[in-house]
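A look at the structure
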Amino acid sequence: MGLRAQTAGQGTVTVRGLIGSATYGTAGLPAAPLLLGTVVPIGSVIKTAPGAAVDLLFNCKAGVVRLLQNSTLSLDKFSASDSTPGGAVDIQLYLIEGSMVGFDKKLSNASKYQIKVAHGIADVGGSKYRIDAQGYLVILDGIALFAFVPPSGEAVPFELKASPPVYFSPVEGIRPAPEELVREVVLQTKGQLRGR
């Protein structure tokens, strides 16, 4: 019973694919290399090297996050209300540097999926997206709310609705995503990373 309660309370993040070199570490412990099949503890910070990428599979139908090269991601929180498919989850990530894409997400409306970056927080309802640490966000489908915090310090909310695909830029605000950008993000979310 105790194990079941624990499983229901916290989601798991597993390395599903890996190219190049990536590490993870938790507070006070030295960083360890990521390997295929590694279950990454919540609270870990993941770093990818130049030319590297890692696919992180979130259980509870929370999809895949592909952390691209030269990126740092903190898994701040991943909890599930229960272990049944379709149950609400609460995911809080902090993209410290670099960029990441997300896909294959099938969450209930009661779920919370937030990504903190240097200048704000994105609440992503879409199943395909790309975000970078500077606050550039592309949504290929679904919706996202982005609370952008400019240098003045007062948060400004933006709502992105796709389809058609849209993007948010700290400089331009919300704009339709040009075809070239859409193709780039689609390519970054395709397939499964192969590697050792």
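One can find the structure itself at the top, above this paragraph.
Along each chain, the written sequence defines residue order, and numbers are assigned to residues from 1. Local features in this predicted model are restricted to residues of pLDDT 70 or higher, and side-chain atom pairs are both shown and tallied only at a pLDDT of 80 or more, whereas totals for entire chains, interfaces and linings draw on every residue. As a rule here, side-chain values cover all heavy atoms of the structure and leave hydrogens and water aside.

**Section: the layout of surface pockets**
Its volume calculated, the largest pocket comes out at about 190 Å³. K105, L107, S108, N109, S111, Y113, D123, V124, G125, G126, S127 and I143 are the residues that line the largest pocket. When grouped by side-chain class, the residues that make up the lining of the largest pocket number 4 nonpolar, 6 polar and 2 charged. Buriedness of a pocket was judged along seven lines, with at least five required to meet protein on both sides within 12 Å; pockets are open sets of points on a 1 Å grid over the protein atoms alone, cavities are sets where a 1.4 Å probe fits but cannot get out, and lining residues have an atom within 4 Å of a point. Grid points are joined across faces, edges and corners, and a volume is the space filled by probe spheres set on the points. Residues are grouped as follows: Ala, Val, Leu, Ile, Met, Phe, Trp, Tyr, Cys and Pro are nonpolar; Asp, Glu, Lys and Arg are charged; all remaining types, including Gly, are polar.

**Focus on the environment of H119**
Each helix is a run of H or I in the DSSP string that is no shorter than four residues. Each strand is a run of E no shorter than two, and both are numbered from the N terminus. Along the polypeptide, H119 turns up in the loop between β11 (112-117) and β12 (120-124). Type-normalised accessible area, obtained with a 1.4 Å probe on protein chains alone, sets the label of each residue: buried when under 20%, exposed when over 50%, and partly exposed for intermediate values. By relative accessible area, H119 is classed as partly exposed at 31%. Between the alpha carbons of H119 and L56 there is a distance of 24 Å; along the sequence they are 63 residues apart. Contacts are assigned to residue pairs that have any heavy atoms within 4.5 Å of one another. Residues in contact with H119, not counting those within four places in the same chain, are Q134, F146, A147, F148 and V149.

**Observations concerning the pattern of salt bridges**
Pairing is possible between side chains that carry opposite charge, provided their charged atoms lie close to one another. A side-chain nitrogen of Lys or Arg and a carboxyl oxygen of Asp or Glu constitute a salt bridge if their distance falls within 4 Å. Within this structure, the stated rule accounts for 6 salt bridges. Here D90 and K112 are joined by a salt bridge, their closest N and O atoms 3.9 Å apart. Pair noted here: D90 is in strand β9 (residues 89-97) and K112 is in strand β11, with a separation of 22 residues, a long-range link. The exposure class assigned to D90 is buried, which follows from its relative accessible area of 14%. On the basis of relative accessibility, which here comes to 31%, the residue K112 falls in the partly exposed class. Three or more residues joined by partner-sharing salt bridges are found here, namely R16, D55 and R66.

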